[in-house]
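# Descriptive structure summary
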Amino acid sequence: MIDYNQQILTPYDIGNRRLRNRLAVAPMTRVSGTEAGLATAEIARYYERFAKGGFGLVITEGLYTDQKYAQGYPFQPGLSDVEQAKAWRRVTDLVRAHNGSVFAQLMHAGALNQGNRFETATAAPSAVRPKGTQMKFYYGEGQYPLPQAMSDEDIADAIAGFAQAAVLATHTAGFDGIEIHGANGYLLDQFLTDYTNQRDDRWGGNVQARIRLTLEVIKAVRAAVGTLAPVGVRISQSKVNDYEHKWAEGEAAAEVIFGSLKDAGVDFIHVTEFEAWKPAFIEGNASLVELARRYASQVAIIANGGLDVPHHAEQVLRDGADMIALGKAALANPDLPSRLATHTTLAEFDASILGPIANIKDSELALA
Ligand SMILES: Cc1cc2nc3c(=O)[nH]c(=O)nc-3n(C[C@H](O)[C@H](O)[C@H](O)COP(=O)(O)O)c2cc1C
């Protein structure tokens, strides 16, 4: 039985969007689009279940933003042209039909690209081969390729891709908000990370320079969508290919990062860590959520990472989170908020859903 403080079920506003409660579905890539990157009827049914089951907010899987280097996986859906945007319309309509809200997560894979139908090379801040190996459940195999260092023009194209995808998301696809993927080892996080960003131009160097691309993307996205929809960003230390990573500058980095995101005018920061309630650094006791709250006062904070355990969720709510995002627990319980409201036992997450490929399974669509 899970029994969070029932305040989690009260409404919450992000920007101009009223969410019916403070529970969000975390973004989860399911490589179930068509080869051309279109969302399908199956994807629509998959997302609909979360809204039907009471989640206040659904954040989509990472959607690629341009027809150059952004795509990371075969069958990853995109938001890079009108056709792809139109395909999302049935998802957004269905979610809203159940009084839910849905934000598009905009993602550029950078060096972690393991399947891109537009370019054969991969692109990154610097020519540094990513740690780890490609993810098998997204059709990957072996080492990541050595990326090419992005030129100023490549960087400008990437920023423009985020802005164009944001316009398509809000004007054509009908999304209620935008989450910029700045976390987990993908392009924006590669710029933020000391060992993957070895540039000596304005995009590299100290943490203020390394967060610059994320800030420029926020600025471009905000200029593109105006106040039509909330705009936020996902931030983490850990990466899909480097779980243990800590920001080299410790709490000083947190001050710069969260402070400059706030100054850039984001409506929300989605803080994710493997275990979000734990101290962020070896020195000091503050969690990353607590540091986000401290340095980005007034900005909505969504917390994610192992928060299906009630006392962990309560910890991050005490640390200052406004909302909780759930990944695996939402897969196991698409109706988790309804279960909470009725004090019903939750189903355990069954990892076999994600194997051998992480695509959407018929058994899931039978849930809720
Ligand atoms: C199958 C799967 C796919 C994921 N894809 C994404 C993604 O596209 N974008 C993202 O920001 N995080 C992604 N994540 C990370 C989740 O959003 C979340 O941070 C992680 O599951 C930890 O939260 P949890 O403990 O509630 O599951 C993914 C996680 C899983 C399990």
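Parameters at a glance
- Residues numbered from 1 in each chain as written.
- Predicted model: local features only at pLDDT ≥ 70, side-chain atom pairs only at ≥ 80, totals over all residues.
- Heavy atoms only, no water.
- Helix = DSSP H or I, 4+ residues; strand = E, 2+ residues; numbered from the N terminus.
- Expected span 1.5 Å × (residues − 1).
- Contact = heavy atoms within 4.5 Å.
- 1 Å grid on protein atoms, 1.4 Å probe; cavity = no way out; pocket = protein on both sides within 12 Å on 5 of 7 lines; lining within 4 Å.
- Points joined across faces, edges and corners; volume = space filled by probe spheres on them.
- Nonpolar A, V, L, I, M, F, W, Y, C, P; charged D, E, K, R; others polar.
- UniProt positions renumbered as here; feature names shortened; annotations may be inferred.
- Buried < 20%, exposed > 50% of the residue type's maximum accessible area, 1.4 Å probe, protein only.
- Near = heavy atom within 4 Å.
- Polar contact = N/O pair within 3.5 Å; in protein donor to acceptor, adjacent residues only side chain to side chain.
- Areas by Shrake-Rupley, 256 points an atom, 1.4 Å probe, with all protein chains shown as cover.
- Sits in = over half its atoms within 2 Å of the grid points.

### Remarks on helix α7 (residues 251-263)
- Along its 13 residues, α7 runs 18 Å from first to last C-alpha, staying within 8% of the 18 Å computed at 1.5 Å per residue.
- Buried residues belonging to α7 abut α4 (187-192), α5 (207-210), α6 (212-225), β9 (231-236), β10 (268-272) and α8 (288-295).
- Just downstream of α7, glycine 265 is the residue with a positive phi angle, here 90°.

### Regarding empty space enclosed by the protein
- Under the defined criterion, the tally for this structure stands at 2 cavities of 30 Å³ or more.
- Approximately 70 Å³ is the volume found for the largest cavity.
- For the lining of the largest cavity, the class distribution of residues is 4 nonpolar, 5 polar and 3 charged.
- Of the volumes computed, that of the second largest cavity is approximately 40 Å³.
- Taken together, Asp66, Lys68, Tyr69, His108, Met150, Asp154, Asp157 and Ala158 make up the full set of residues lining the second largest cavity.
- Its residues assigned to classes, the lining of the second largest cavity comprises 3 nonpolar, 1 polar and 4 charged.

### Topic: the UniProt feature "domain: NADH:flavin oxidoreductase/NADH oxidase N-terminal" (unreviewed entry) in the protein chain
- In this structure's numbering, the residues bearing the UniProt feature "domain: NADH:flavin oxidoreductase/NADH oxidase N-terminal" (unreviewed entry) are residues 8-344.
- With 34% helix and 16% strand, residues 8-344 has its two end C-alpha atoms placed 16 Å apart.

### Thoughts on the environment of isoleucine 360
- Tracing the chain through its elements places isoleucine 360 in the loop between α11 (336-341) and α12 (362-365).
- With a relative accessible area of 5%, isoleucine 360 lands in the buried category.
- Sequence-wise, isoleucine 360 and threonine 29 are 331 residues apart; in three dimensions their C-alpha atoms are separated by 9.6 Å.
- Sequence-distant contacts of isoleucine 360, that is, excluding residues within four places in its chain, are made with Arg30, Ser32, Glu42, Ile43, Tyr46 and Leu365.

### Focus on the layout of surface pockets
- The volume enclosed by the largest pocket comes to roughly 1100 Å³.
- Every residue lining the largest pocket is counted, 45 residues in all, and those nearest its centre are Met28, Tyr243, Asn304, Gly327 and Lys328.
- Looking at the lining of the largest pocket, the elements that each hand over two or more residues are β4 (57-64), β5 (101-107), β12 (323-326) and α10 (328-332).
- Considering each element in turn, the lining of the largest pocket owes the most residues, 3 residues, to α10.
- Taken together, 13 residues make up the lining of the second largest pocket; nearest its centre are Lys246, Glu273, Phe274, Glu275 and Lys278.
- Each residue belonging to the lining of the second largest pocket can be placed in one class, and the counts come to 6 nonpolar, 2 polar and 5 charged.

### Quick notes on unusual backbone geometry
- Here glycine 355 and proline 356 are connected by a cis peptide whose omega angle stands at -10°.
- Residue position: proline 356 is located in the loop between α11 and α12.

### A few points about the site of the ligand
- Within the structure, the ligand sits among 18 residues, and Pro27, Thr29, Arg234, Asn304 and Gly327 are positioned closest to it.
- At 3.4 Å from an oxygen atom of the ligand is found a side-chain nitrogen or oxygen belonging to asparagine 184.
- Take arginine 234: an N or O atom from its side chain is 2.7 Å from an oxygen atom of the ligand.
- Across the complex, the protein chains shield 87% of the 620 Å² of accessible surface that the ligand would expose by itself.
- Spatially, the ligand is embedded in the largest pocket.
- Broken down by class, the residue content of the shell around the ligand amounts to 6 nonpolar, 10 polar and 2 charged.

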